[in-house]
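Chain by chain, the residues:
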Amino acid sequence: MDYSGSILQTDVMTSLDVEKIRADFPILSQKVHGKDLAFLDNAASSQKPQQVLDATNNYYKTQHANIHRGVYHLSQVATFAYENSRKKIQKFINAASEKEIIFVRGTTEGINLVASSYGKDNVKAGDEIIITHMEHHSNIVPWQMLCKEKDAKLQVVPINDDGEMIFEELEKLISEKTKLIALAHISNSLGTINPVKDVIELAHQHNIPVLLDGAQAVPHEKVDVQELDCDFYTFSSHKVYGPTGIGVLYGKEELLEKMGPYQGGGDMIKSVTFEKTTYNDLPHKFEAGTPDIAGVVGLAVAIDYVESIGYDNIFQHEQELLKCGTEALSQIDGLKIIGTAKNKASVISFDMDGIHPHDIGQFLDNDGIAVRTGHHCTQPVMDRFNVPATTRASFSFYNTKEEIDRLVAGLIKVKEVFS
Amino acid sequence: MMDDLQELYQEVILDHNKSPRNYEVLANHNHFAEGDNPLCGDHIDVYLKVEGNTIKDIAFQGKGCAISKASASLMTSELKGRSLTETKELFEKFHKMVTSEIDETPDMDGLGKLAVLSGVKVFPLRIKCASLAWHTMNAALENNKELISTED
Ligand SMILES: Cc1ncc(COP(=O)(O)O)c(C=O)c1O
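About the criteria used
Residues numbered from 1 in each chain as written. Chains lettered and ligands numbered in written order. Predicted model: local features only at pLDDT ≥ 70, side-chain atom pairs only at ≥ 80, totals over all residues. Heavy atoms only, no water. Helix = DSSP H or I, 4+ residues; strand = E, 2+ residues; numbered from the N terminus. Rg over C-alpha atoms; globule rule 2.2 N^0.38 Å. Buried < 20%, exposed > 50% of the residue type's maximum accessible area, 1.4 Å probe, protein only. Contact = heavy atoms within 4.5 Å. Buried area = accessible area lost by both parts, 1.4 Å probe. Salt bridge = Lys/Arg side-chain N within 4 Å of Asp/Glu carboxyl O. Polar contact = N/O pair within 3.5 Å; in protein donor to acceptor, adjacent residues only side chain to side chain. Nonpolar A, V, L, I, M, F, W, Y, C, P; charged D, E, K, R; others polar. Near = heavy atom within 4 Å. Areas by Shrake-Rupley, 256 points an atom, 1.4 Å probe, with all protein chains shown as cover. Core = buried A, V, L, I, M, F, W, Y, C linked by side-chain atoms within 4.5 Å. Domains from an automatic or database assignment. Pairing = 2+ DSSP bridges. Axes fitted to C-alpha atoms, helices over the stretch in contact; angles between N-to-C directions. Expected span 1.5 Å × (residues − 1). Disulfide = S-S within 2.5 Å. Parallel < 35°, antiparallel > 145°, perpendicular 65-115°, else oblique. Left-handed = near helix turned anticlockwise from the far one by under 90°. Phe/Tyr/Trp six-rings, centres within 6.5 Å; stacked < 30°, edge-to-face > 60°.

*Asks:* So what's going on with the overall build of chain B? Residues and values would help.
*Replies:* The helix and strand tally for chain B stands at 5 helices and 4 strands. Shown N-terminal to C-terminal, the secondary structure of chain B runs as helices and strands in the order α-α-β-β-β-α-α-α-β. In terms of overall dimensions, chain B is globule-like: its C-alpha atoms have a radius of gyration of 14 Å, near the 15 Å expected for 152 residues. Its C-alpha atoms give chain B principal-axis dimensions of about 45 × 30 × 30 Å. Burial analysis of chain B (152 residues in total) assigns 48% to the buried set.

*Asks:* Break down the interface of chain B and chain A for me, citing the residues and quoting the values.
*Replies:* With 20 residues of chain B at the contact, the number on the chain A side is 14 residues. Both faces considered, chain B and chain A share a buried interface measuring about 1500 Å² in area, 59% of it formed by carbon and sulfur atoms. Between chain B and chain A we count 1 salt bridge in total. At the junction of chain B and chain A, the tally comes to 7 residue pairs in polar contact (both at pLDDT 80 or more). The residue inventory of the side of chain B that touches chain A, partitioned by class, reads 13 nonpolar, 3 polar and 4 charged.

*Asks:* Before we move on, could you go through the site of the ligand and cite the residues and values that matter?
*Replies:* All names here are of chain A. What surrounds the ligand is the set Gly 106, Thr 107, Thr 108, His 136, Ser 138, Asn 188, Asp 213, Ala 215, Gln 216, Ser 236, His 238 and Lys 239. A distance of 3.0 Å is found between an oxygen atom of the ligand and a side-chain nitrogen or oxygen belonging to His 136. Within the side chain of Gln 216, an N or O atom sits 2.7 Å from an oxygen atom of the ligand. When the ligand is considered free in solution it has 400 Å² of accessible area, and contact with the protein chains removes 85% of it. Taken together, the residues of the shell around the ligand break down into 1 nonpolar, 9 polar and 2 charged.

*Asks:* So what's going on with the nonpolar core? Which residues, and what values?
*Replies:* Side chains of a nonpolar character, in soluble globular proteins, are inclined to be buried together. All names here are of chain A. Among the nonpolar cores identified, the biggest contains 75 residues, and Met 165, Leu 170, Ile 181, Leu 212, Tyr 233, Phe 235 and Phe 397 are the most heavily contacted of them. The element that contributes the greatest number of residues to this core is helix 10 (residues 293-309), accounting for 10 residues. Of the residues that make up this core, three or more belong to each of domain 1 (7-48 + 310-418) and domain 2 (53-307). The residues contacting Ile 181, other than those within four sequence positions of it, are Ile 130, Leu 170, Ile 174, Val 199, Ala 203, Ile 208, Pro 209, Val 210 and Leu 211.

*Asks:* Explain the sheet that holds strand 17 (residues 390-394) of chain A to me, and be specific about the residues and the numbers.
*Replies:* Strand pairing in a sheet relies on backbone hydrogen bonds. The paired strands run either parallel or antiparallel. All names here are of chain A. If you walk across this open sheet you meet the 4 strands as 13-14-17-16, and the pairing is antiparallel. Edge strands, defined here as strands with exactly one partner in the open sheet, are strand 13 (335-338) and strand 16 (372-374). Each neighbouring strand pair of the sheet contributes to a mean axis angle of 30°, computed without reference to strand direction. When strand 13 meets strand 14 (residues 347-352), the two strands line up antiparallel, connected through 4 bridges. Paired with Lys 336 across the two strands is Asp 351, which belongs to strand 14. Contacting strand 14, strand 16 and strand 17, helix 12 (residues 357-366) runs over the sheet at an angle of about 160° to strand 16.

*Asks:* Describe helix 14 (residues 401-418) of chain A, listing the residues and the values that go with them.
*Replies:* Between the first and last C-alpha of helix 14 of chain A there are 26 Å, a value that for 18 residues agrees with the 26 Å anticipated at 1.5 Å per step. Within the sequence span of helix 14 of chain A, burial applies to Lys 401, Glu 403, Ile 404, Leu 407, Val 408, Gly 410, Leu 411, Ile 412, Val 414 and Phe 418 of chain A.

*Asks:* Describe the state of the cysteines, and please don't skip the residues or the numbers.
*Replies:* A complete count under the given rule lists 0 disulfides over all chains for this structure. Just so you know, Cys 65 of chain B is unpaired, no disulfide at all, and the nearest cysteine sulfur is the one on Cys 129 of chain B, 3.8 Å from it.

*Asks:* Please set out the environment of Asn 343 of chain A residue by residue, giving values where relevant.
*Replies:* Residue and element names in this part refer to chain A. Checked against the element boundaries, Asn 343 lands in the loop between strand 13 and strand 14. With 185 residues separating them along the chain, Asn 343 and Pro 158 place their C-alpha atoms 17 Å apart. Beyond its immediate sequence surroundings of up to four residues, Asn 343 is in contact with Gly 191, Thr 192 and Ile 193.

*Asks:* Describe the packing of helix 4 (residues 107-122) of chain A against helix 5 (residues 141-150) of chain A, naming the residues involved and giving the relevant values.
*Replies:* The geometry of a pair of packed helices is captured by two quantities: the angle between their axes and the separation between those axes. All names here are of chain A. The N-to-C vectors of helix 4 and helix 5 enclose an angle of 20°; their axes lie 9 Å apart at closest approach. Here helix 4 is positioned roughly parallel relative to helix 5, judged by the angle of their axes. Seen along the crossing, helix 4 lies across helix 5 with a hand that is right-handed. Contacts between helix 4 and helix 5 involve Ile 111, Asn 112, Val 114, Ala 115, Gly 119 and Lys 120 on the former and, on the latter, Pro 142, Trp 143, Leu 146 and Lys 150. Residue composition of the contact of helix 4 with helix 5, grouped by class: 6 nonpolar, 2 polar and 2 charged.

*Asks:* Could you give an account of the packing of aromatic side chains, naming the residues involved and the relevant values?
*Replies:* Residues and elements named next belong to chain A. The final tally for this structure, using the stated rule, is 20 aromatic pairs over all chains. Their ring planes at 65° and their centres at 6.4 Å tell us that Phe 92 and Phe 235 sit as a pair that is edge-to-face. Taken together, the positions of Phe 92 in helix 3 (residues 73-92) and Phe 235 in strand 9 (residues 232-236) put the pair 143 residues apart, joining distant regions of the chain. Side by side, Phe 92 and Phe 235 carry an identical accessibility label, which is buried. For the ring pair Tyr 305 and Phe 397, a centre distance of 6.3 Å and an interplane angle of 40° mean the geometry is tilted. In this pair, Tyr 305 sits in helix 10 while Phe 397 sits in the loop between strand 17 and helix 14, placing the two residues 92 residues apart along the sequence. Tyr 305 sits in the buried class, given a relative accessible area of 6%.

Printed below as a string of structure tokens:
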């Protein structure tokens, strides 16, 4: 097969000045094994712009003190920075109130918080929780643990060969026993964008609350929790160009109000005696202990950054990369793309005939190309498609068609070595 | 860098990956164990037929990367007919070879073809791939029926 006439000769036509954007990300200009870094593992975690690095650095340099605890100047500055970031995030996902924005360690903790606090009072023996077959382990295991504890049952909506959830099967699974539906807004290993609005509408007809795992959605598209009408939404800062170790759980106020606390400690209380503790108001009731203040500050700046580029531009550029990448990879003999949903984010998982993803990843690394290899924390998806692992390239707004060309060239080289 | 990669994926390794030796279920085995490397999704079954102090026959089956498959294939080729004492010594030598410091020259005397795997030590993440078969074989000899995991 002749690959010299790559289909990628036409330029990606978007209104993004990618070179200018890349200049904001210091890490992207580094060499790996003597080659330019092509970072194509954004679904696992994305890189940070200088603006975010400066914000966290500046916070520690000039603003740091513990929050909600001191009358002195710095404590007030830090508290203001923290609470102001909460307001920014409230606007960012269009929550009705800042009381609905809870800072957690990440998506994983957001889901665990709901499973633990909501599950404790609302799930009993014989009840059911519904998830889909494409969930990340972090949207499986907390529900499994809850079901085990409560003697409840975990129901799984199957997916089709394209990696799309089978909606009719969800309809069949819903019953009066269903206490919650939890699903990914966008799948990390398949890229599938789920019809979450339809799911929520259906669930609400049966008065079932819905939790959306937004870890993969927030980096790619505008999320409006009121428009979605979801009951819980959670995402991680590190996938949306912010610092690691911080994330957001959104919950509808009326639900959060009724839920018991998640962890006990400082900040989540109003008054404590050895006999009785009165819990603090929302959102503080769910934020025990000193939080990652610098992380929150950095996340707010990351959101500013994303919004300054604009979701329309991001979506357009990433979809163009997805299209180019899909076409180019499909031309490689023996390469099979896993996850071919009609609505997809810029994630391409694939299997190459007889070549293990680890070997592929090792060769690509040598060319400076970073891709994810493995099961992507979605072992049930791997089982569904009968592969032990896949190689996954996931694109951000700072990726280019040249990087896709390099990926394709690298894969052709791997094929030659293993043929 | 390419040199390290070439060192890792030598012809012998590519060959054993493509046509693994002793790749079968050993019908009359008396030792067996399964091994897992959850990080990569690798899985291997190792079968042995031991008579007295000698490995009369050894075979494997499984899914894995080129390094883990080639390592299993080379291991079975090397161990057939060996005494259990020799096997133990080889295991220790092999282990030392793949885990030695980068600037260290390990003693590879008697390792024979197994020496082609010395390249993995430059790639710390791949050491587990190379050792999975050996740990599983060891567990089989101890007749450990439990699943062996590289993550313990
Ligand atoms: C869909 C999805 N859900 C949940 C997670 C877990 O996110 P975190 O590890 O940031 O808590 C991830 C990221 O790995 C993900 O992709």
